[in-house]
Amino acid sequence: MARTMTKRWTAALALAGAVLLGGCKREEKPPEPAKPGTAAAPTEVTLQLFGDPAEVEGYRQLISAFEAKNPDVKVRLVPIGKQKDHMAKLTTAFSGGTPPDLFLINYRRFAQFAAKDVLEPLGPRLEKSTVLKERDFYPQAVEAFRYDGALECLPQNVSSLVVYWNRALFQRLGVPPPKPDWTWDDFRKTAQALTRDENGDGRMDVHGLAFEPTLSRLAPFIWQAGGDIVDDVNDPRHMQLLNEPALEALRFVLRLQRVFKVTPSLEEAKSENHEARFAAGRLGMLLNSRRLVPTLRAVPDLDWDVAPLPRHHKTATVLHSDAYCMSRASKAKDAAFRFVEFALGSTGAELVARGGRTVPSLKRVAESPAFLDPNQRPASARVFLDSILSIRRLPNVAVWNEVETRADVIVEEWFYTVPPHGTQLTESDSKEVRPGQEAGGSMRRLLRQGNEVNALGQEVTEAVQGILDSAPKSGTP
Amino acid sequence: MKPGAPRGREAMVWLAAPFLVAAALLVGLPALLALGLAFTEYDALSAPRFVGVDHFLRLWDDPLFWTALGNSLLFAAMAVPLRLAVALGLALLLHRGGRLARSAVFLPTVVPDIAYALLWLWLLNPLYGPLALALKAVGVADTGWLLTPWGARGALVALTVFQLGEVFVVLLAARRELPEELYELCELEGGGALTVFSKVTLPLMAPTLALLAARDVVVSLQTTFVPALVITQGGPRYATTFLPLYIYQNGFEYLRLGYASAMTWVMFLVTAAMVAAQLWVLRGWRASKEA
Amino acid sequence: MVLFLAPLVVMLTGSLRPPGLPPPRGVELLPEGAGLAAYAATFELVPFGRALLNSVLLAAIMVPLSVVTASWAGLALAQTSGWRWRTLAGAVLLLVMVPATAVWLTRFAVFKVLGLTGTAVPLIAPALMGGSPLFVLLYAVAFRRLPQELFEAARLEGAGPLRLWRSIALPLVRPTTAAVALLAFGLSWSNFIDPLLYLSGEDALTAPLALHSLELLGSTQWPVLLAGAVVVTLPAVLAFLGAQRMFLGEERGSGWLGR
């Protein structure tokens, strides 16, 4: 009795194991020889990317369209919910020896893989391609994916930071819409006019403006003031956040937060994310890249549009671009590149552009109705194309991802922490705020000394200098 | 595996073979590898390169490492006594009768980590979470403390206190083991509840408590990972960056496996020291009792 | 007791709120328009069905495997003496003291060398060492309490270790087996970090990972997230309620240490 039980148990186990392993294992089937009379088993190409459900849906459509035309290739999508997990998953997959054949990644993050020499450079394949030519792409995006001179990945989009604004809310509150060439002052006044406590409970019900307090969001403001983030975008060795132009931008951003109080407080920001606040009609303006479009289109009855970032001494915005990268370890490089050609070519780029996710990297598609469709929001889609003229980018060196990760923690604390004796900033900008004399010390000590603006530059510099120093010396062949 | 009366018992050791082999492969080998890798630069993509004690020197200068180590120790110092005290209290309260209540106490423990973390993320939402709303209803308007470093640390301690099922059940069993006669005797002599607790319950349960404390210190290094990853993401300002999270970030996000291995060994040594200290205290305490 | 149940109740009521509404402004016991819309959304957004199936299959392998190896090791620990016992007990204690987080990295490296990353093997392998050293200890304690004579008598009849385990030891410690099975189920069901490290792709999701990928939805979609959390939690709670009689029993003499 016991023995038969055991036997049955073992059998059940083995069966369950077989099913499970079949389900979890990737690409375990050996390439089957083509049976006579039937087509060979399709080549499998895995594609890993991150995005919310609305974005991922767009990629699913792209894949079905590709598979319809290429029955011999099957694309397996590996969608990841969060940017951070996407990165962790990629690093573990590379170190585990099972990287996806293709993945989409931002230019600020691809270099750590390029530096480890695990990417298959796509430049040579592009040169041989009959479908795509390098000159068809926006050079600003292509240039961002060069590493040590070689084109590693092919850009899928050329997005930039813009102002999403809620048209219905602007109309209801009688606030004039953003003008094309607006200044910091116009921007600030608009945000102030939108910030309302409508039921008088002491808490703002509508906020004029919101953005994530991160280095990449601060960058365009610093550039607009004539400053810089780093000394050399191609070989960053030092942060430049303590120069006067940068400080002017930081003062402006900080005054928005704690003098004019047009942005959600820390508490409010942590309770509800900016996108949800915007979708619910309780936020006038939101800074983001193109990737918000599919999500906002999916919100019923939301009347919104986009406007360019305001200018100060200069006009500037920051490049947000993702590219298809291929793993050197891929066993299906040709099939994978065919997918890249399809996805970036006219048909694929139009499909994704219609879905709203991208500002196509292919010029002819970006200028086509697929992107500029007047029947789809945002009505002012051309803002994205006009912004390309004043686009600048952040460094794309291998250590940059870590620099940003470190810096963003500090930016957030800096943005939300008011000095113990209240802010020294006032409604009119003044350089009276003392520049920091010494490096070092905790944020709190710096704040006690009244260095609420400089605190950012000092802390960030201190935190990331070691990381920048650890980067290999460039210029060596 | 020859059966035989006296040697038969010893032959039973073969039953432990799968366990020992698996343990050697899954824990022993990795631990030794970690010791080796700690002296190399290794990114899992190219071959390891020997760097001597560089990583340990770098650890010495890495403020985030010290923050993470401090956070882990602080967490253990706050969570372990609290968990034990609450579990002991509940075990004494519920050791007779009340299976329903016991089930209720155990229930949060069976909730999977990730669901539990998400649940608390919702509970602790500073404006719309049930906790904030309940506090507002009783007149506490300011719920911003949840976003302070100590608020976040406190919240993480609180959520692990709810998951004390295993400790609770062991203490329950230990209490059941205590001879009822002793309690009756103590009652006859007119000892109050406090006397009974300090003269009978505590001394008799101390060894169990000490072992549980040692185990809980080790466990606390694991239980913090998922909540720190999901709820606080190590923040605000690294206040909840615990050693496992920092090791994960270095190893799996930046592929510094050698550096992360060095940290792993420091973590292991610190744990071992804490456990040894506890057992040593227990032994001293026992010796003094017997003397 | 109410305090301990409160979070779970909140999770349940929160999951019944219709998704897409503005966040609540006051305490609500049962949300207005309560319904299962959030659950439908949960299954729509993430292939939860597949994930649950994978998790069930994992548990179906890991629980019996853990019980077998843990009880074997426990029996060995209970029966041996001398250096064998010292070695075994030392190994178990050492394992108790090693935080799981300490061997992540290099265990990953080991599986990489074996070419097993991307398969389910790394997830199942811990079951070969009994799931957790704690389980081995539980069994050892339970077996120690069995009268030696039973084993000696069987040995005289020529029973080997496996026979002793199957026909004498195991049937006498049913409550311990229930407890270990429950705990092993919990371990495999809630395992989050291993699937995160070793598996990829939608068809290789496990229930905790599926919940994790729901997370991006953000705070307006809290009902959906909470619904996902309920879906992931429910099987664990049911398993517990099924087994709790066995080890939270009333009377002295029952209980998970097999008395």
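The coordinates are above.
On to the interface of chain A and chain B, then. Put simply, an interface is often sized by how much accessible area is lost when its parts join up. Contacts between the two partners involve 27 residues from chain A, matched on the other side by 23 residues from chain B. Taken as a group, A:Lys116, A:Glu267 and A:Ser271 account for 23% of the area that chain A buries against chain B, more than any other trio of residues on that side. Linking chain A to chain B there are 3 salt bridges. The residue B:Asp43 makes a salt bridge to A:Lys116 at a minimum N-O spacing of 3.5 Å. Taken together, chain A and chain B are joined by 6 residue pairs in polar contact (both at pLDDT 80 or more). In terms of residues, the side of chain A that touches chain B owes the most to one element, helix H19 (residues 400–416) of chain A, which gives 7 residues. Grouping the amino acids of the side of chain A that touches chain B by side-chain chemistry returns 7 nonpolar, 7 polar and 13 charged.

Our focus in this paragraph is the packing of aromatic side chains. A full pass over the atoms with the stated rule returns 38 aromatic pairs over all chains. Centre to centre, the rings of B:Trp122 and C:Trp222 are 5.2 Å apart; their planes meet at 35 degrees, and the pair counts as tilted. Separated into two different chains, B:Trp122 in helix H6 (residues 113–123) and C:Trp222 in helix H13 (residues 222–247) make up a pair that spans both. The class of B:Trp122 is buried, set by a relative accessible area of 7%. What makes C:Trp222 buried here is its relative accessible area of 8%. Between the aromatic rings of B:Tyr248 and B:Phe252, the centroid separation amounts to 5.7 Å while the plane-to-plane angle is 55 degrees, which identifies the pairing as tilted. Taken as a pair, B:Tyr248 and B:Phe252 lie in helix H13 (residues 243–253) at a separation of 4 residues, close to a single helical turn. Taking the relative accessible area as the measure of exposure, B:Tyr248 reaches 2% and is therefore buried. Every member of this aromatic cluster is reached through a ring pair, and the members are A:Trp182, A:Trp184, A:Phe187, A:Phe211, A:Phe221, A:Phe252, A:Phe415 and A:Tyr416. Across from the ring centre of B:Tyr259, 4.1 Å away, lies the NZ or CZ of B:Arg58, which sits over that ring.

Below, the discussion takes up the sheet that holds strand E9 (residues 162–166) of chain A. Residues and elements named next belong to chain A. Spatial ordering of the open sheet is given by E10-E11-E9-E12, a layout of 4 strands whose pairing is mixed. Where the open sheet ends on each side, the last strands, each with one partner, are strand E10 (207–210) and strand E12 (304–307). Taking each pair of neighbouring strands and ignoring which way they run, the sheet shows an average axis angle of 20 degrees. Where E10 and strand E11 (residues 283–288) come together, 3 bridges link them in parallel fashion. Within the sheet, the bridge partner assigned to leucine 209 lies in E11 and is methionine 285. Running at roughly 135 degrees to E11, helix H8 (residues 184–194) makes contact with E9, E10 and E11 of the sheet.

Residues and elements named next belong to chain A. Across the sheet, which stays open at both edges, the 3 strands sit in the order E8-E13-E15 with mixed pairing between neighbours. The outermost strands of the open sheet, each flanked by one partner alone, are strand E8 (159–160) and strand E15 (391–392). Bridging between E8 and strand E13 (residues 317–320) involves 2 bridges; their strand directions are antiparallel. By the bridge assignment for E13, serine 159 is matched with histidine 320. Along the sheet, helix H9 (residues 215–224) makes contact with E13 and E15, crossing E13 at roughly 145 degrees.

Okay, empty space enclosed by the protein next. Residue and element names in this part refer to chain A. All chains considered together, the criterion is met by 12 cavities of 30 Å³ or more. Estimated volume of the largest cavity: approximately 150 Å³. The element best represented in the lining of the largest cavity is helix H3 (residues 83–96), accounting for 4 residues. Of the residues contributing to the lining of the largest cavity, the split by class is 8 nonpolar, 8 polar and 3 charged.

Conventions we followed
- Residues numbered from 1 in each chain as written.
- Chains lettered and ligands numbered in written order.
- Predicted model: local features only at pLDDT ≥ 70, side-chain atom pairs only at ≥ 80, totals over all residues.
- Heavy atoms only, no water.
- Contact = heavy atoms within 4.5 Å.
- Buried area = accessible area lost by both parts, 1.4 Å probe.
- Salt bridge = Lys/Arg side-chain N within 4 Å of Asp/Glu carboxyl O.
- Polar contact = N/O pair within 3.5 Å; in protein donor to acceptor, adjacent residues only side chain to side chain.
- Helix = DSSP H or I, 4+ residues; strand = E, 2+ residues; numbered from the N terminus.
- Nonpolar A, V, L, I, M, F, W, Y, C, P; charged D, E, K, R; others polar.
- Phe/Tyr/Trp six-rings, centres within 6.5 Å; stacked < 30°, edge-to-face > 60°.
- Buried < 20%, exposed > 50% of the residue type's maximum accessible area, 1.4 Å probe, protein only.
- Lys NZ or Arg CZ within 6 Å of the ring centre and 35° of its normal.
- Pairing = 2+ DSSP bridges.
- Axes fitted to C-alpha atoms, helices over the stretch in contact; angles between N-to-C directions.
- 1 Å grid on protein atoms, 1.4 Å probe; cavity = no way out; pocket = protein on both sides within 12 Å on 5 of 7 lines; lining within 4 Å.
- Points joined across faces, edges and corners; volume = space filled by probe spheres on them.

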